[in-house]
Amino acid sequence: MNSSKLSYQANDVCIIGYGCVLPDAPTPEQYWKNLNEGHSALSEVPPTRWDTEAHFDPNHQDSGKTYANQGCFVSDEIITAIETRVGITHKQTTRLNLMALESCRQALDVLNTDEISTSKIDIILGCMAADESIAHRALSRECKKTLRQLAKEKPLGWEHASATIDAYLRNHIPVENNEEDVVVNTSVLHHIKKHFDIKGEAALIDAACASSLAAIDNAVSRLQSGQCDIALSGGIEGDLGASTFALFCSVGAHSKTRCYPFDKKSSGLVQGEGAVIFVLQRLEDALSQNKKVYGIIKGCGSSSDGRCSSLFSPSVPGQILAFQRAYRAAGNTPPDYIECHGTGTSIGDTTELTSLSKFFSKSNITIGSSKAYIGHTKGAAGAAGLLKCLLAMEHREIPPSHYFENLKEPVKTIHVNREVFKLPEKNHLLRMGVSSFGFGNINYHLILDEFSQHSSI
């Protein structure tokens, strides 16, 4: 993109801070390192999460079970380190709350205590599902009712049944401390406001796998309308329970091995979890306060597919409509790179490649997807892609897709880089796109522009 084509306005919204907790990546720096090295966080389900013997069936003869027992998990070691920093244990709250708190702590490092206490800071986060422990806690209550009933009635074999239930609870259900703070999904907002003394409005947005971009789009609107001065926005995901595996397996979308976005060998998605949170501010305010500007959110286009065949069937026209709305608002200059939705499913990747090739038919576009390394983080997926683009702008290079061999569909204008892709030098201001598509055929495409201190607003 030629710098002369870029223009800035006072109410453009920029990113002045960011933080993350992702699989094998408790910081943005580690996330960037892992992307460059092609490090996959894939592992078998940790025994502390759920019992594979009870839920795993590799032959999928039981439709209520999962044929996949691998995912990209935020390790217990990372969670323990977060507990120490924030002074709360996972048995007092949830893993989701802890990951969100740590991501906020990293992001808010750009603001001092006075700025946090006196600014009107809104919290708008994408979140697709409740932390899996909330369902576990409900199960624990029901199991304990059953134990009490068994103790009263003492039917044949009740001692063995009681011992089995009691052992499961000890191994898989968190201790129910401070349950009033974690009984609902929005408890994460309570914890963030309480921990950082934030007094603005707060909300969670569920647009399925597009939740984080939907939240950022909403936060941008609130900043531009003057409803807040600063926004904490992004996405969070802490549900890697057995039921989510069973759901994706029921429609044949889950891979038994790795996820290989856009590659012929890919057999489906792999799930991930984590939190990615940004500090957003109007550009004029950021510059007047001497904040470092990491990038400008120049546009965000969204659409739904209208009539469609099913909840899980994306459409080319719907995705193209989101592209059209995004680039109409931001100027029609094509991006230097697109971080795609790229889940690794056959229908999803094919549809996305087709929509990209049709919309960008006159441009050569390099694409990629971090889901190959951190899994599909669902409610946090778009935010993870946006963070990758921010880091790529800062380092002026696109990390290689080490796993990639052959494009699923032969498309001349779309490329996946297998080597580090060096971006042009500073006289060329960068533009990147981020796509995130959700169940129910919800489409979001966000445009991120590089900011130059030498340009005026």
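Before reading on, note that the structure itself is shown above.
Reading the values: the criteria
Residues numbered from 1 in each chain as written. Predicted model: local features only at pLDDT ≥ 70, side-chain atom pairs only at ≥ 80, totals over all residues. Heavy atoms only, no water. Helix = DSSP H or I, 4+ residues; strand = E, 2+ residues; numbered from the N terminus. Rg over C-alpha atoms; globule rule 2.2 N^0.38 Å. Buried < 20%, exposed > 50% of the residue type's maximum accessible area, 1.4 Å probe, protein only. Contact = heavy atoms within 4.5 Å. Areas by Shrake-Rupley, 256 points an atom, 1.4 Å probe, with all protein chains shown as cover. Lys, Arg positive; Asp, Glu negative; His and termini not counted. Charge placed at Lys NZ, Arg CZ, Asp CG, Glu CD. Salt bridge = Lys/Arg side-chain N within 4 Å of Asp/Glu carboxyl O. Expected span 1.5 Å × (residues − 1). Pairing = 2+ DSSP bridges. Axes fitted to C-alpha atoms, helices over the stretch in contact; angles between N-to-C directions. Core = buried A, V, L, I, M, F, W, Y, C linked by side-chain atoms within 4.5 Å. Phe/Tyr/Trp six-rings, centres within 6.5 Å; stacked < 30°, edge-to-face > 60°.

Chemist: So, the overall build of the protein chain: which residues are in play, and what are the values?
Modeler: In terms of helices and strands, the protein chain carries 15 helices and 15 strands. In terms of overall dimensions, the protein chain is globule-like: its C-alpha atoms have a radius of gyration of 22 Å, near the 23 Å expected for 457 residues. If you line up the protein chain on its principal axes, its C-alpha atoms span 80 × 55 × 40 Å. Residue burial in the protein chain is summarised as follows: out of 457 residues, 58% are buried. Partitioning the intrachain contacts of the protein chain with sequence separation of at least 6 by distance along the chain shows that 80% fall at a separation of at least 24. Looking at the protein chain as shown, the accessible area adds up to about 18500 Å², and 49% of this sits on carbon and sulfur atoms. Computed over 44 positive and 51 negative side-chain charges, the inter-centroid distance for the protein chain is 4 Å.

Chemist: Describe the pattern of salt bridges, with residues and values.
Modeler: Applying the stated criterion across every chain yields a total of 21 salt bridges. Between Asp122 and Lys120 there is a salt bridge, with its nearest N and O atoms 3.1 Å apart. Asp122 is the salt-bridge partner of Arg222, the closest N and O atoms lying 2.6 Å from each other. In this pair, Arg222 sits in helix H9 (residues 211-224) while Asp122 sits in strand E4 (residues 121-127), placing the two residues 100 residues apart along the sequence. Across the pair, exposure class does not vary: Arg222 and Asp122 are buried alike. One connected set of salt bridges, linked through shared partners, spans Arg49, Asp76, Arg95 and Glu273.

Chemist: Can you lay out helix H4 (residues 95-107) for me, pointing to particular residues and giving the numbers?
Modeler: In this model H4 runs 18 Å from its N-terminal to its C-terminal C-alpha over 13 residues, within 8% of the 18 Å that 1.5 Å per residue would give. Here H4 lies mainly inside the structure; twelve of its 13 residues are buried. All of the buried residues in H4 are Arg95, Leu96, Asn97, Leu98, Met99, Ala100, Leu101, Glu102, Ser103, Cys104, Gln106 and Ala107.

Chemist: So, the sheet that holds strand E7 (residues 274-282): which residues are in play, and what are the values?
Modeler: Strand order in the open sheet formed by eleven strands is E5-E4-E6-E7-E1-E8-E15-E14-E9-E10-E12, and the pairing between neighbours is mixed. The open sheet is flanked by strand E5 (202-205) and strand E12 (414-416), the only strands paired with a single partner. The mean angle between the axes of side-by-side strands here comes to 30°, regardless of whether they run parallel or antiparallel. As judged from the eight bridges shared by strand E8 (residues 295-304) and strand E15 (residues 442-449), these two strands associate in the antiparallel manner. If you follow Ser304 over to E15, its bridge partner there is Ile442. Docked against the sheet, H4 engages strand E1 (13-21), E4, strand E6 (230-237) and E7, running at close to 135° with respect to E1.

Chemist: An account of the nonpolar core is requested, with residue identities and associated values reported.
Modeler: Tyr31, Ile216, Phe278, Leu280, Ile367 and Met432 are the most contacted members of the largest nonpolar core, which has 68 residues in total. Looking at this core, the element that brings in the most residues is helix H15 (residues 381-395), giving nine residues. Among residues more than four places away in sequence, those in contact with Met432 are Pro335, Tyr337, Cys389, Ala392, Met393, Ile398, Leu423, Leu446, Ile447 and Leu448. In this structure, Ile78, Ala100, Leu108 and Val279 belong to the second largest nonpolar core, which totals 41 residues.

Chemist: If you had to explain the packing of aromatic side chains to someone new, which residues and values would you point to?
Modeler: Within this structure, the stated rule accounts for eleven aromatic pairs. With centroids separated by 5.8 Å and ring planes inclined at 50°, the aromatic side chains of Phe248 and Phe439 adopt a geometry described as tilted. A residue pair is termed long-range when its members are at least 10 positions apart, and Phe248 in helix H10 (residues 242-250) and Phe439 in the loop between strand E14 (431-438) and E15 qualify at 191 residues. Judged by centre distance (6.4 Å) and plane angle (80°), the ring pair of Tyr403 and Phe404 falls under edge-to-face. Like Phe404, Tyr403 is buried. What links up through ring pairs into an aromatic cluster is the set Tyr260, Tyr373, Tyr403 and Phe404.

Chemist: I'd love a proper account of the side chain of Gln106, names of residues and values included.
Modeler: By the secondary structure assignment, Gln106 is in helix H4. With relative accessibility at 14%, the residue Gln106 sits in the buried group. Sequence-distant contacts of Gln106, that is, excluding residues within four places in its chain, are made with Tyr18, Gly19, Cys20, Val21, Pro26, Thr27 and Pro28.

Chemist: Residue-level account of the pairing of E15, with values.
Modeler: Most of E15 sits out of view: seven of its eight residues are buried. Relative to E15, E14 runs antiparallel, the two being bridged by eight bridges. Each residue of the ladder has a partner; that of Met432, found in E15, is Leu448. With antiparallel pairing between neighbouring strands as the criterion, E14 and E15 make up a hairpin whose turn holds three residues, including Gly440 at a positive phi of roughly 85°.

Chemist: So, helix H1 (residues 28-37): which residues are in play, and what are the values?
Modeler: Listed in full, the buried residues belonging to H1 are Pro28, Tyr31, Trp32, Asn34, Leu35 and Asn36. Packing partners of the buried residues in H1 comprise E1, H4, helix H14 (371-374), H15 and strand E11 (397-398). Positioned one or two residues after H1, Gly38 has a phi angle of 70°, which is positive.

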